[in-house]
Amino acid sequence: MNWGSLSNFLHMGGYALYVWGSYIVFGVFLVAEVALLLKRRRTLAHRLSQMHRLHIKESHETAS
Amino acid sequence: MNFRDIAWFKYSSPASFYFLAGKMIPWFWAAAAVFAVAGLYIGFFVAPTDFQQGEAYRIIFIHVPAAWMSMFLYVVMAGWAGIGLAFNTRLSSMMATALAPTGALFTFLALWTGSLWGKPMWGTWWVWDARLTSELILLFLYIGFMSLQAAIDDPRRADRAGAVLALVGVVNVPIIYFSVKWWNTLHQGASISLMQAPTMAATMLTGMLVMALACWMYSIAVALMRVRCIIVERERHAQWVSEMRGQLK
Amino acid sequence: MLEAIGLECVRGDRRLFRDLSFGLEPGRLLQVVGPNGCGKTSLLRMLCGLMAPVHGEIRWEGASIRSLAEDYLATLTYIGHLNGVKDELTALENLRISSALGGTHVDEPAAVSALEKMGLGGREMLPAKVLSQGQRRRVALARLLLTEAKLWLLDEPLTALDKAAVAFVESLLAAHLEKGGLVVLTTHQDLQQPGLGTRRLELGT
Amino acid sequence: MLEAIGLECVRGDRRLFRDLSFGLEPGRLLQVVGPNGCGKTSLLRMLCGLMAPVHGEIRWEGASIRSLAEDYLATLTYIGHLNGVKDELTALENLRISSALGGTHVDEPAAVSALEKMGLGGREMLPAKVLSQGQRRRVALARLLLTEAKLWLLDEPLTALDKAAVAFVESLLAAHLEKGGLVVLTTHQDLQQPGLGTRRLELGT
Amino acid sequence: MLEMLRWVIRRDLVLAMRRRSDVLTTLFFFIIVVSLFPLGVGPEMNLLRTMAPGVVWVAALLASMLSLGRLFSSDYLDGTLEQMLLAPQPLSIVVLGKVAAHWLVSGVPLVVMAPVLGLQYDLAADALLILTASLVLGTPVLSMIGAIGAALTLGLRGGGVLVSLLVLPLYIPVLIFGAGAVEASASGLGAEAYLSLLAAFLVGALVLTPWATSAALRISLD
Amino acid sequence: MLEMLRWVIRRDLVLAMRRRSDVLTTLFFFIIVVSLFPLGVGPEMNLLRTMAPGVVWVAALLASMLSLGRLFSSDYLDGTLEQMLLAPQPLSIVVLGKVAAHWLVSGVPLVVMAPVLGLQYDLAADALLILTASLVLGTPVLSMIGAIGAALTLGLRGGGVLVSLLVLPLYIPVLIFGAGAVEASASGLGAEAYLSLLAAFLVGALVLTPWATSAALRISLD
Ligand code: HEM
Ligand SMILES: Nc1ncnc2c1ncn2[C@@H]1O[C@H](COP(=O)(O)OP(=O)(O)OP(=O)(O)O)[C@@H](O)[C@H]1O
Ligand SMILES: Nc1ncnc2c1ncn2[C@@H]1O[C@H](COP(=O)(O)OP(=O)(O)OP(=O)(O)O)[C@@H](O)[C@H]1O
Ligand SMILES: [Mg+2]
Ligand SMILES: [Mg+2]
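Parameters at a glance
Starting from 1, residues in each chain are numbered consecutively following that chain's sequence as written. Key to labels: chains lettered from A, ligands numbered from 1, both in the order written. Note on the predicted model: pLDDT of at least 70 is required for a residue's local features to be given, and 80 or more for side-chain atom pairs to be given and counted; whole-chain, interface and lining totals, by contrast, use all residues. Hydrogens and water molecules were not included; the side-chain quantities draw on all heavy atoms of the structure. Numbering goes from the N terminus for both helices and strands, where a helix is a DSSP run of H or I of at least four residues and a strand is a run of E of at least two. Three labels apply to residues, based on accessible area from a 1.4 Å probe with only protein chains included: buried if under 20% of the type maximum, exposed if over 50%, partly exposed otherwise in between. The accessible surface values rely on the Shrake-Rupley method and a 1.4 Å probe; as for residues, cover is taken only from the protein chains in view. When DSSP finds two or more bridges between two strands, those strands count as paired. By definition, residues are in contact when any of their heavy atoms lie within 4.5 Å. Buried area is understood as the total, over both parts, of accessible area removed when two parts are fitted together, assessed with a 1.4 Å probe. One speaks of a salt bridge when a side-chain nitrogen belonging to Lys or Arg is within 4 Å of a carboxyl oxygen belonging to Asp or Glu. In protein, a polar contact means a hydrogen-donor-capable atom and an acceptor-capable atom, both N or O and within 3.5 Å, with residues adjacent in sequence counting only if both atoms are side-chain atoms; elsewhere, any N or O pair within 3.5 Å suffices. When residues are sorted by character, Ala, Val, Leu, Ile, Met, Phe, Trp, Tyr, Cys and Pro go into the nonpolar class, Asp, Glu, Lys and Arg into the charged class, and all the rest, Gly among them, into the polar class. To define axes, lines are fitted to C-alpha atoms, for helices over the stretch in contact only, and angles between the resulting N-to-C directions are given on a 0 to 180 degree scale. When an angle is under 35 degrees it counts as roughly parallel; over 145 it counts as roughly antiparallel; between 65 and 115 it counts as roughly perpendicular; any other value is oblique. Handedness of a crossing is defined here by the sense of rotation of the near helix relative to the far one, left-handed for an anticlockwise turn of less than a right angle and right-handed for a clockwise turn. For Na, K and Ca the donor cut-off is 3.2 Å, and for all other metals it is 2.8 Å, counting N, O and S atoms only; because water is absent from this set, sites may look incomplete. Here a patch means residues that are over 30% exposed by relative accessible area and free of salt bridges, tied together within 9 Å if like-charged and within 5 Å if nonpolar (Val, Leu, Ile, Met, Phe, Trp, Tyr). Centres within 6.5 Å are what make two rings of Phe, Tyr or Trp a pair, Trp counting through its six-membered ring; a difference in plane orientation under 30 degrees is then read as stacked, over 60 as edge-to-face, and the rest as tilted. What makes a nonpolar core is a set of buried Ala, Val, Leu, Ile, Met, Phe, Trp, Tyr and Cys residues whose side-chain atoms join them at distances within 4.5 Å. Think of it this way: one heavy atom of a residue within 4 Å of a molecule or strand is enough to make that residue near it.

*Asks:* I'd like a rundown of the overall build of chain A, residues and numbers included.
*Replies:* Secondary structure summary: chain A contains two helices and zero strands in total. Of all 64 residues assigned to chain A, the portion counted as buried reaches 31%. Element-wise, carbon and sulfur atoms account for 66% of the exposed surface of chain A, whose accessible area totals about 4400 Å².

Here it is in structure tokens:
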């Protein structure tokens, strides 16, 4: 185990800005990519159900 | 038994692939998580401090995997795109489209982490070194691919135009990569000095490899998720899509 | 002998037609008619191989046009909505070059006399930019006087033409059919000349 | 009241017409006819001030259109050979913007209903690039439904239109004349609808 | 009149947005060009620092010039420009609107991006500031001058050598004073003189070029 | 087939001569970009000599790129390209003809001009020779690669900037080896390795790009 304490760990031997700057941006971007994907999926689901409703309405109208 | 009956090509239809991918995604996520935890543990708690670079070298555990992924993904993307162009298989083109943003992301991250590493080590955020420059060009290639596809409304045309570009671009990749030899290379020198501590090289290497595996798993999972979205978007008028509309949420 | 078998055309979200089949023998003219946007231009572009049908196949003398490739292209002449006339070139240059592209090399006197027949006498050396709309169309159509292609695919050849020119083009079509040629054309105006061996194909109904 | 007095038009080395004079009262339509290249388009461009005549003058309600400048432009709508339809914009945007340029600000529902009347219902949101030739022409002509201009100058408005659309445009013209508007148009097809208060002006004879 | 200006600007912005990647690609073009010079010249930082202002300015000029093509020519080809000449408002308004939209789409992103690129060339903070200021003042002038050229070249019948001779030299003063401002500040001299000259160019261009462009358009469409 | 090639080249040359201003603009652009740097950077000859190959090559590359617009787009807009696709000869022949004409019009003048411009930068005679040789080998590759980009972006209006985004990354190897050749010869190393690599690029491009461009054209016109 390299680190005596949490603050030592966070300090990263004076390179905190660079190390955490890398890791945090790395993590944030990956998470953001997934989040954007999930959002894309949700809007897609929304659009699909809308399309479906419209479709049903149309076929109903032509039938009557 | 007839060869065709084995349904080798069954999963090359977007509909069946959609469901297959749905089943595979959780497994890749799990693998990505396991490898990431292991890799980070090795990186932060097993690997010792570097006697030259201090703790700053720990950026390596994300920098190198990101840099590797950026190059691999481009080649894989061009491969899928080429298959799509040659055999007119829609699914492979969709795979190519799905890979591009992830590839661009890893390219950006390699640049970002590299810059953050370069400031303490080289004293500057950016130099016009061959490695760095070629990575930047790779980013432009990804962006070109995505912009071209975004600029074309018809998805089939976008697929095929993108494929031509990706294939032409892949010729460029090794050229850029090997041009390292014609430049003075700050990047390479630094990495060699790092290798001088042999005990560390072993743990460092494992850490790097495990993190690289995590990135692989992540990329696959994300690409599969994105390709599922693309499939649904493109096939929104198909019967099977409207049937499984409820499962999307 | 041109055959279309079970063609289907999809543009964007819209299916323009499906299961469209027809055959056309030498000496016959097929007039494709239908309202705006019904897919006439799309059909013509399929027939010359610029666009691939979603389903179905097009055959020329029994062989798929895909497999014939350039051999098929050598037998056809296509004139589309756009004239393919370059503003900066003279009428004469335009005609000679478009003929050369189509595989027929034409010397200057032949080209001049074709332009004269098309009513462009004395305007051969003007840049196409200054020509009127109808005159530009005439430059494009002058190719028909010089081509040896057997199959003519014409997309609204008669737009912008005055009545004399319309009559002249119709007589050209008649002469081509006479010689055993095939013509597929679209137009919103009715053809005046009877006996062009006309068959009609209604789209979009 | 539109008057042309002693117009002369020279293009390049060629004098297309000279001493051309006519007047047009409200409620009347002037159909300019003549063979290709006789100067119909040139005349229309003169009438809207895009081109200056070599001699002669054009007057609107007694005043020279040169002196009226923008006031004259506000009273006219010109639709030329070219559609002025932008490929990247949707039909709806094209219509709203071209109307705005002509000085009429149109809200979305009005524009949509105009497009619907022009037979483009359901295609309002497609980029003009994918529309067929006739549909693009319809987008350009839809402006006539929305403009308040009194003087319409139309250069071959009927090209590329199918028969239903031709009839519709003619009924539009009739309605405009009814309201006391003026129309100058060129066309190679004869107008079908009688009683459009038509006067013919033959050029190039 | 303002109504018309707004419509024209809005229309051109919508058109630019329709090519969703348009704004971005202008930017990336700029970035790529700026990044090309180090590739050609080699990686010595001192050399690069001296070239930086010139390179950034040349790239800005190119980016703005490349996008000039879409200023009038597509409107000319499809007949919209005819309609604009027939609009019941002074043509200069339309021109001003189109030029403004052009600048918003192709100029502003460059101004925003320039400091970041300057960092690649290791420029100091105040040099970066001056660079940005010079671009803010200079790029609209480029768009306005370019508009005259674009309008004149619409009707060219081959003899247009004069035109390119006329327009390209007009860019040079802007370039020289734009790049000069940064160099002056880098070498410790004040950049104010340069910047105020650029500002004067801007005012002059605002007054003169819409008129000249309208005249050019009328000539081209006669 | 050769007949066809000849016709296409001749046609494009005639067209270029009719639009002489286009050709001259490219050349002026090249000259101005190259001449601007001595103005911007200052009179130190050593500095200039080091920058020279890079600047000339970047200018050549940008000039060649700027002229890509006219390669296919006007033929596309007026329907000629459709006719070319329907020509009863392999499309690659037409493509090759058009690219050859493009090079004759936009590449050759640069090659001719480059030694003169190199003199401004005080390049030695053999460096000038190498510079010219590298341009002779490299500029056709630029035209050929550019054709792919131009074909891919056809009909995507405002595609001028998109083209540069697609094409510039592909130009970079040519740039690096082209400028590298001159630098190597200036620093006493042999330039042969660079030049033969450029020649290899040329052969490779001759074989591959007509195919890729034809594919792109077919896709764009579908
Ligand atoms: C923006 C800056 C940087 C970029 C774009 C960049 C890019 C890359 C790329 C593309 C690779 C993969 C190369 C391969 O697989 O051979 C890589 C690997 C590597 N990088 Fe970086 N890098 C940057 C900065 C740095 C810095 C500052 C350091 C350390 C001081 C560094 C150390 C390494 C090491 C050790 C490797 C892996 C071992 C090797 O292949 O030599 N990098 N980098
Ligand atoms: N992406 C798309 N989405 C929806 N509809 C499309 C799309 N692309 C094309 N279309 C439609 O396809 C049709 C194309 O028709 P085409 O040009 O073949 O018509 P046409 O019969 O030649 O008409 P015209 O008589 O006007 O020339 C048009 O109705 C157009 O609206
Ligand atoms: N520079 C020039 N030199 C000679 N003739 C010219 C020149 N510019 C234009 N013309 C002629 O002027 C005429 C222009 O005609 P215009 O476009 O007005 O005809 P139009 O009546 O509208 O014809 P269309 O029915 O074909 O539309 C054409 O005959 C053209 O050849
Ligand atoms: Mg049509
Ligand atoms: Mg006319």
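Next, the rest of the story.
*Asks:* So, the sheet that holds strand β1 (residues 2–11) of chain D: which residues are in play, and what are the values?
*Replies:* Residues and elements named next belong to chain D. The sheet built from four strands is open, its strands ordered β2-β1-β4-β5 with antiparallel pairing. Sheet topology places β2 (14–24) and β5 (63–64) at the edges, where each strand pairs with a single neighbour. Strand direction decides the pairing type here: strand β4 (residues 55–60) and β5, joined by two bridges, are antiparallel. By the bridge assignment, W60 is partnered in β5 with A63.

*Asks:* So what's going on with the interface of chain F and chain B? Residues and values would help.
*Replies:* Contacts between the two partners involve 23 residues from chain F, matched on the other side by 21 residues from chain B. With both chains or domains summed, chain F and chain B bury close to 2100 Å², and 81% of this area falls on carbon and sulfur atoms. Together, L152(F), L170(F) and I219(F) form the three largest contributors to the area buried by chain F at its contact with chain B, with a combined 27%. Linking chain F with chain B are zero salt bridges, by the criterion used here. The tally of links from chain F across to chain B stands at one residue pair in polar contact (both at pLDDT 80 or more). Here the side of chain F that touches chain B takes nine residues from helix α8 (residues 159–186) of chain F, the largest share from any one element. Taken together, the residues that form the side of chain F that touches chain B break down as 20 nonpolar, two polar and one charged.

*Asks:* Before we move on, can you summarise the packing of helix α4 (residues 91–101) of chain C against helix α1 (residues 2–18) of chain F with the specific residues and values?
*Replies:* In the contact formed by α4(C) and α1(F), the axes pass within 10 Å of each other and the chain directions differ by 150°. One finds that α4(C) runs roughly antiparallel with respect to α1(F). The handedness of the crossing between α4(C) and α1(F) is left-handed. Residues E93(C), R96(C), I97(C), A100(C) and L101(C) of α4(C) pack against M4(F), W7(F), V8(F), R10(F), R11(F), V14(F) and R18(F) of α1(F). A class-by-class count of the residues in the contact of α4(C) with α1(F) yields seven nonpolar, no polar and five charged.

*Asks:* Explain the coordination of the magnesium ion (ligand 5) to me, using residue names and the numbers behind them.
*Replies:* Bound to the magnesium ion (ligand 5) are the protein donor atoms T41(D) (OG1) and H81(D) (NE2), situated 1.9 to 2.3 Å from the metal. With T41(D) in helix α1 (residues 40–47) and H81(D) in the loop between β6 (76–79) and α4 (91–101), this pair connects stretches of sequence that are 40 residues apart.

*Asks:* So what's going on with a nonpolar patch on the surface? Which residues, and what values?
*Replies:* Residues and elements named next belong to chain B. Side chains of W68, F72, L205 and L209 sit close together on the surface and give an oily, nonpolar patch of about 360 Å² of accessible area. Every element with two or more residues in the nonpolar patch is listed here: α2 (60–87) and α7 (198–234). With respect to the secondary-structure elements, L209 resides in helix α7. Overall, L209 belongs to the partly exposed group, its relative accessible area being 43%.

*Asks:* Break down the sheet that holds strand β3 (residues 29–33) of chain C for me, with residues and values.
*Replies:* Within a sheet, neighbouring strands are paired by backbone hydrogen bonds and run either parallel or antiparallel to one another. Residue and element names in this part refer to chain C. Reading across from one edge, β6-β7-β8-β3-β9 is the order of the five strands in this open sheet, with parallel pairing throughout. Strands with a single pairing partner mark the edges of an open sheet, and in this sheet they are β6 (76–79) and β9 (198–202). The sheet shows a mean angle of 15° between the axes of neighbouring strands, taken without regard to direction. In the sheet, β3 pairs with strand β8 (residues 182–186) via four bridges, with the strands oriented parallel. Of the residues in β8, the one forming a bridge with Q31 is L185. Each of β3, β6, β7 (151–155), β8 and β9 touches helix α1 (residues 40–47); the most contacted strand, β7, lies at about 155° to it.

*Asks:* Talk me through the pairing of strand β3 (residues 29–33) of chain D; I want residue IDs and the actual numbers.
*Replies:* All names here are of chain D. The element β3 is extensively covered by neighbouring structure, given that five of its five residues are classed as buried. Burial along β3 is two-sided: L29, Q31 and V33 facing one way and L30 and V32 facing the other are all buried. Note: β3 against strand β9 (residues 198–202), five bridges, orientation parallel. Bridging across to β9, L29 finds its partner in T198.

*Asks:* Can you break down the interface of chain B and chain A residue by residue, with the values?
*Replies:* With 49 residues of chain B in contact, the opposing surface of chain A contributes 30 residues. Of the roughly 3600 Å² buried between chain B and chain A on both sides combined, carbon and sulfur atoms contribute 73%. Our enumeration of links across chain B and chain A arrives at two salt bridges. One salt bridge in this structure joins R40(A) and E233(B), with 3.1 Å as the shortest N-O distance. Our enumeration of links across chain B and chain A arrives at seven residue pairs in polar contact (both at pLDDT 80 or more). Going through the elements one at a time, α1 (14–46), α2, α3 (90–122), α7 and α8 (239–243) of chain B are the ones with two or more residues in the side of chain B that touches chain A.

*Asks:* Describe in detail the environment of L173(C), supporting the description with residues and values.
*Replies:* Residue and element names in this part refer to chain C. Relative to the helices and strands, L173 is located in helix α8 (residues 163–178). Here L173 falls in the buried class, since its relative accessible area comes to 1%. Residues L173 and L144, spaced 29 residues apart in sequence, show a C-alpha to C-alpha distance of 9.0 Å.

*Asks:* So what about the arrangement of the chains? Which residues, and what values?
*Replies:* Highest in contacts among the eleven pairs of chains that touch are chains A and B. Taking C-alpha atoms only, the smallest gap left between chain A and chain D, which are not in contact, amounts to 14 Å. In this view chain A stays clear of chain E, with the nearest C-alpha atoms of the two still 18 Å from each other.

*Asks:* Can you break down the packing of aromatic side chains residue by residue, with the values?
*Replies:* Given two aromatic rings, their pairing is described by the distance between the two centres and the angle made by the two planes. All names here are of chain A. Throughout the structure, instances matching the rule amount to 24 aromatic pairs over all chains. Taken together, a centroid distance of 5.4 Å and an interplanar angle of 65° make the contact between F9 and W20 edge-to-face. One end of the pair, F9, is in helix α1 (residues 6–11); the other, W20, is in helix α2 (residues 16–63), and eleven residues separate them in sequence. The pair formed by F9 and W20 is uniform in burial state, with each residue classed as buried.

*Asks:* Outline the nonpolar core, supporting the account with residue identities and numerical values.
*Replies:* Core analysis: the largest hydrophobic core is formed by 325 residues, its most contacted members being L2(C), L43(C), L2(D) and L43(D). At 18 residues, α8(F) tops the list of elements feeding residues into this core. With near-sequence residues (within four places) excluded, L2(C) lies in contact with F22(C), G23(C), L24(C), L47(C), I58(C), R59(C), W60(C), Y72(C), L151(C), L182(C) and V184(C).

*Asks:* Describe the site of ligand 2, and please don't skip the residues or the numbers.
*Replies:* Inspection of the region around ligand 2 gives 23 residues, with K40(C), T41(C), S42(C), S132(D) and G134(D) positioned closest. Around ligand 2, the neighbouring residues derive from chains C and D rather than from a single chain. Within the backbone of G39(C), one N or O atom sits 2.9 Å away from an oxygen atom of ligand 2. Contact distances for ligand 2 include 3.0 Å between an oxygen atom and a side-chain N or O atom of H188(C). Calculation on ligand 2 without its partners gives an accessible area of 660 Å², and the protein chains cover 91% of this total. Secondary structure elements with two or more residues in the shell around ligand 2: β2 (14–24) and α1 of chain C together with α6 (133–141) of chain D.

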